[in-house]
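# A structural walkthrough
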Amino acid sequence: MEIVVFGLNHKKAPIHIREKVSFKESQKEDSYKILKKSKFIREFLILSTCNRSEIIAVVSDIEKGINEIKNFYIRFFDLDLDYIEKYFYEKIYDCAVKHVFNVAAGLDSLVIGEDQILGQLREAHEFSLDKKATGPVLNKLIREAITTAKKIKRETKISENSLSISSIAVKFVEKIFDNLTNKKVLVIGVGKMSRIAIENLIYKGVKEIYVTNRTKGHAVDLSKKYREISVIDFKDRYKMIDKVDIIISSTSAPHYVLKKDEFIKHYKKAKKICIVDIALPRDVEPKIGELNGISLFELDELKDVADENYKLRIEAAKVAFQIIARDCIKFKNWYNCLPVFPVIEELKNYTSSIVNKELESFMKKINHLDEKEKEQIILFTNSLAKKLFKKPLLELKRAGENMEGKLYARITRELFGLSEKIK
């Protein structure tokens, strides 16, 4: 049996291609039913996200197993093989194992070090477990990959340096106000950048967020999702200046949506306000930043931080790859030992059966001893047997790690007559 990965991702396949092979929730049940009928796929897991669609599998025949997975994709999604084949990749042996570890750690993601994929992989594994599609090999692989990913995030802090402009915007605000819990925020615009900023603000404990947008309906829709949001009319945005501590603006307007002349009519000079302008072209007239008490941050400042954070993530990724290399070796050692594990268990059982048989016979001859003395003899005998067989067991494991497990397993069975004994 061998581990393989087959599919496509954002590196080679554009979004219109990825959409064609994305597994919808309603399709998962049928896809698992079909793949479980395969003669060559022993274990499998489907990982489908916006950036990738791939099947991680254990196959009994590499060529036939990969062909079955490829044909499954073609039939299931009604694809033109000649058109889509160039986007697919296949990984086998160590490359497949390393790929799974890299995916779990976010090193194969569009945004390096991102956290979301770890949860997606865990959910995919749980679904596959529920469908009884995975077995000892994939269960071990996925769990080890998840454990390594957590270790990487803990030791390298790769995910702590945000690359999201909206997330960085909130961090800039935190530099001005240590605690955001009691702060009031005005968000101008309801695009993707604003939504991410709102989510970050809520996560930081902000309870009052006023949202305004030229199309009020879009703001109302957003307020239904978050109870912290109140919607105000776009024309009333200046009236909120003396009521809020923070303003975040991200619109697609071709001109300033906050102008100095109108701003100062509503601004109390004693008040401290932090403004973050993440729009291009800018939403906030730069002269507003010259007012006393106003801290104005613009897109270029945020982008500089994002660029620096990216460099930090690249450095962290170098360490992460080293951790993965070590942990992949550990997994492959375990995987290579699969042929000898049953023999090790048989040898232990064989040893135990001999010891128990001899002890049973010997105990009849030492009835004059008390229970404590008998117990000491039993402990000594079991300890001696373990020490005698310790080296053979270690040699078996070492042989497995050196990919000679099948040969040593056969020799050991023949040497101790294990097949006959176990039967």
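Residues numbered from 1 in each chain as written. Predicted model: local features only at pLDDT ≥ 70, side-chain atom pairs only at ≥ 80, totals over all residues. Heavy atoms only, no water.

### Things to note about the overall build of the protein
As a reminder, the rule being used: Labels follow the DSSP assignment, with helices taken as runs of H or I lasting at least four residues and strands as runs of E lasting at least two, numbered in each case from the N terminus. Every radius of gyration here is taken over C-alpha atoms, with the globule rule written as 2.2 Å times N^0.38, N being the number of residues. Only protein chains enter the accessibility calculation, which uses a 1.4 Å probe. A residue is then buried if its area is under 20% of the maximum for its type, exposed if over 50%, and partly exposed in between. Shrake-Rupley sampling with a 1.4 Å probe provides the accessible areas, and residues are treated as covered by the protein chains on show and by no other component. Positive charge is attributed to Lys and Arg, negative charge to Asp and Glu, and no charge count is given to His or to the chain ends. Just so you know, the charge point we use is NZ for Lys, CZ for Arg, CG for Asp and CD for Glu.
The helix and strand tally for the protein stands at 16 helices and ten strands. Taking 22 Å as the expected radius of gyration for a compact globule of 423 residues, we find that the protein reaches 31 Å, considerably beyond that expectation. With the C-alpha coordinates of the protein rotated into their principal frame, the extents come out at 105 × 65 × 35 Å. Residues counted as buried form 47% of the 423 residues belonging to the protein. Of the roughly 23200 Å² that the protein leaves accessible, carbon and sulfur atoms contribute 51%. Across the protein, the centroid of the 78 positively charged side chains sits 1 Å from that of the 62 negatively charged ones.

### Quick look at the pattern of salt bridges
Pairing between side chains of opposite charge can happen when the charged atoms of each approach one another. Heads up, the rule is: Here, a salt bridge means any side-chain nitrogen of Lys or Arg that lies within 4 Å of a carboxyl oxygen of Asp or Glu.
Scanning the model with the defined rule gives 21 salt bridges in all. Between D108 and R52 there is a salt bridge, and its shortest N-O distance comes to 2.9 Å. One end of the pair, D108, is in the loop between α5 (93-104) and α6 (116-130); the other, R52, is in strand β3 (residues 52-59), and 56 residues separate them in sequence. Judged on exposure class, the residue D108 and its partner R52 are both buried. Connected through salt bridges with shared partners, the residues K11, R52, E54 and D108 form a single ionic network.

### Topic: the packing of helix α8 (residues 165-176) against helix α9 (residues 192-203)
Selection criterion: Every angle, taken between N-to-C directions, lies between 0 and 180 degrees, and every axis is a line fitted to C-alpha atoms, over only the stretch in contact when it is a helix. Angles below 35 degrees are treated as roughly parallel, those above 145 as roughly antiparallel, those between 65 and 115 as roughly perpendicular, and all remaining angles as oblique. Each crossing gets its hand from how the near helix is turned against the far one by less than a right angle, where anticlockwise is left-handed and clockwise is right-handed. Note on contacts: a residue pair is in contact if any heavy atoms of the two residues lie within 4.5 Å.
As a packed pair, α8 and α9 sit with axes 8 Å apart at the nearest point and diverge in direction by 45°. Here α8 lies oblique to α9, going by the angle between them. Crossing angle aside, the handedness with which α8 passes α9 is right-handed. When α8 is examined against α9, the residues I165, S166, S167 and V170 are found in contact with a partner set consisting of M193, I196, A197, N200 and L201.

### A look at the state of the cysteines
Which entries qualify depends on this criterion: The disulfide criterion is simple: two cysteine sulfur atoms within 2.5 Å.
One pass over the structure, following the stated rule, counts zero disulfides. Lacking any disulfide linkage, C95 is separated from the closest cysteine sulfur, that of C328, by 10 Å.

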